[in-house]
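Coordinate analysis (summary)
Take a look at the letters that make up each chain.
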Amino acid sequence: MIKPSDEELAVWLDLDSAEFQDEQRLIDAAEQLLEKGAERILVSRGERGTLYVDDQHVLLATAPKGDVVNTACAGDTLLGTFVGSLLCKSRYKTH
C-alpha cells in the first residue's frame with residue numbers, strides 16, 4: 001500500500017496536479033500505480049478528501065468540515081486510521 005498526496009502522485013507520473021480537479025483523471029493516475037505493482041493506493045487530497053483504489057474498488061471520500069488549526073501529520077493519521085481499520089476488520093472475520 002502507498003499513500004501519496006495528489007501532488008506527490010502528479011510528480012511520480014510527471015503530470016500537473018491541477019489535472020486532478022477532474023476526479024476521473026485522479027482515478028486514472030492511481031490506476032497507473034496499480035499497473036506498476038501497487039496493490040492499494042490511498043491518495044490524500046487535503047480539503048477535497050481522499051481516494052482509495054485497489055483492483056476491486058474505487059472509493060472517494062469527502063473531508064470533514066471545520067476550522068483547520070494545523071495539517072501536520074494529517075496524512076499519517078489518515079494512513080494509520082485506514083490500516084487500523086483493515087487490521088480490525090481482518091481480526092473479526094469469520095472463517
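Each remark here, short or long, concerns the structure printed above.
Residues numbered from 1 in each chain as written. Predicted model: local features only at pLDDT ≥ 70, side-chain atom pairs only at ≥ 80, totals over all residues. Heavy atoms only, no water.

1. Describing unusual backbone geometry
This is how the line gets drawn: Runs of H or I in DSSP of at least four residues are treated as helices and runs of E of at least two as strands, each being numbered from the N terminus. The buried label applies to any residue whose accessible area, calculated with a 1.4 Å probe on protein chains only, is under 20% of its type's maximum; exposed applies above 50%, and partly exposed to all values in between.
Positive phi, normally seen in glycine, also occurs at Asp14, with a value near 55 degrees. Along the chain, the position of Asp14 falls in the loop between helix H1 (6-12) and helix H2 (23-35). The exposed category is assigned to Asp14, whose relative accessible area is 73%.

2. Structural notes on the sheet that holds strand E1 (residues 40-44)
Short version of the rule: Two strands pair if DSSP finds at least two bridges between them. Fitting a line to C-alpha atoms yields each axis, with helices limited to the stretch in contact; the angle taken between N-to-C directions then spans 0 to 180 degrees. For this analysis, residues touch if any pair of their heavy atoms sits within 4.5 Å.
What the 3 strands build is an open sheet, ordered E1-E2-E3; its pairing is antiparallel. Looking at strand neighbours, the two that pair on one side only are E1 and strand E3 (58-61), the edges of this open sheet. Strand-to-strand twist of the sheet, defined as the mean angle between neighbouring strand axes without regard to direction, takes the value 10 degrees. Note: strand E2 (residues 50-54) against E3, 4 bridges, orientation antiparallel. Counterpart to Leu51 in the pairing with E3 is Leu60. Across the face of the sheet, H2 comes into contact with E1, E2 and E3 while running at roughly 40 degrees to E2.

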